[in-house]
Amino acid sequence: MGMTDKQFSGFIRFILDDVKEVLETMPDGKEKEKLQKVADNLQQTLED
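Residues numbered from 1 in each chain as written. Predicted model: local features only at pLDDT ≥ 70, side-chain atom pairs only at ≥ 80, totals over all residues. Heavy atoms only, no water.

A few words now on the overall build of the protein chain. In terms of helices and strands, the protein chain carries two helices and zero strands. With respect to the principal axes defined by its C-alpha atoms, the protein chain has extents near 40 × 15 × 15 Å. Residues counted as buried form 15% of the 48 residues belonging to the protein chain. Carbon and sulfur atoms make up 54% of the accessible area of the protein chain, which totals about 4200 Å². Between the averaged position of the 7 positive side-chain charges in the protein chain and that of its 11 negative side-chain charges there is a distance of 3 Å. (Helix = DSSP H or I, 4+ residues; strand = E, 2+ residues; numbered from the N terminus. Buried < 20%, exposed > 50% of the residue type's maximum accessible area, 1.4 Å probe, protein only. Areas by Shrake-Rupley, 256 points an atom, 1.4 Å probe, with all protein chains shown as cover. Lys, Arg positive; Asp, Glu negative; His and termini not counted. Charge placed at Lys NZ, Arg CZ, Asp CG, Glu CD.)

Core analysis: the biggest nonpolar cluster contains six residues, these being Ile12, Leu16, Val19, Leu23, Ala39 and Leu42. Elements with a minimum of two residues in this core: helix H1 (5-25) and helix H2 (30-47). For this core, the element with the highest residue contribution is H1, accounting for four residues. Setting aside its immediate chain neighbours within four residues, Ala39 contacts Leu16, Val19 and Leu23. (Core = buried A, V, L, I, M, F, W, Y, C linked by side-chain atoms within 4.5 Å. Contact = heavy atoms within 4.5 Å.)

Together, Asp17, Asp18, Glu21 and Glu24 make up a negatively charged patch on the protein surface. If you trace the backbone, Glu24 turns up in helix H1. (Patch = residues over 30% accessible without salt bridge, like charges linked within 9 Å, V, L, I, M, F, W, Y side chains within 5 Å. Salt bridge = Lys/Arg side-chain N within 4 Å of Asp/Glu carboxyl O.)

Moving on, we get to the environment of Lys32. Here Lys32 is to be found in helix H2. Separated by 25 residues in the primary sequence, Lys32 and Gln7 have C-alpha atoms spaced 28 Å apart. Residue contacts for Lys32: discarding those within four places in its chain leaves Leu23, Met26 and Pro27. Looking at Lys32, its side chain comes within polar contact range of the side chain of Asp28, at 3.4 Å. (Polar contact = N/O pair within 3.5 Å; in protein donor to acceptor, adjacent residues only side chain to side chain.)

Here it is in structure tokens:
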């Protein structure tokens, strides 16, 4: 069974919120840059 667009967007928002929370407490470095790229990609997915 597949997801509707609304369910998928809700799932992405849930993940993005958690990623942003982790980014706030994460020290600067390569890992943080990679995770920020993931957050940016998730945000772009919501905007498309």
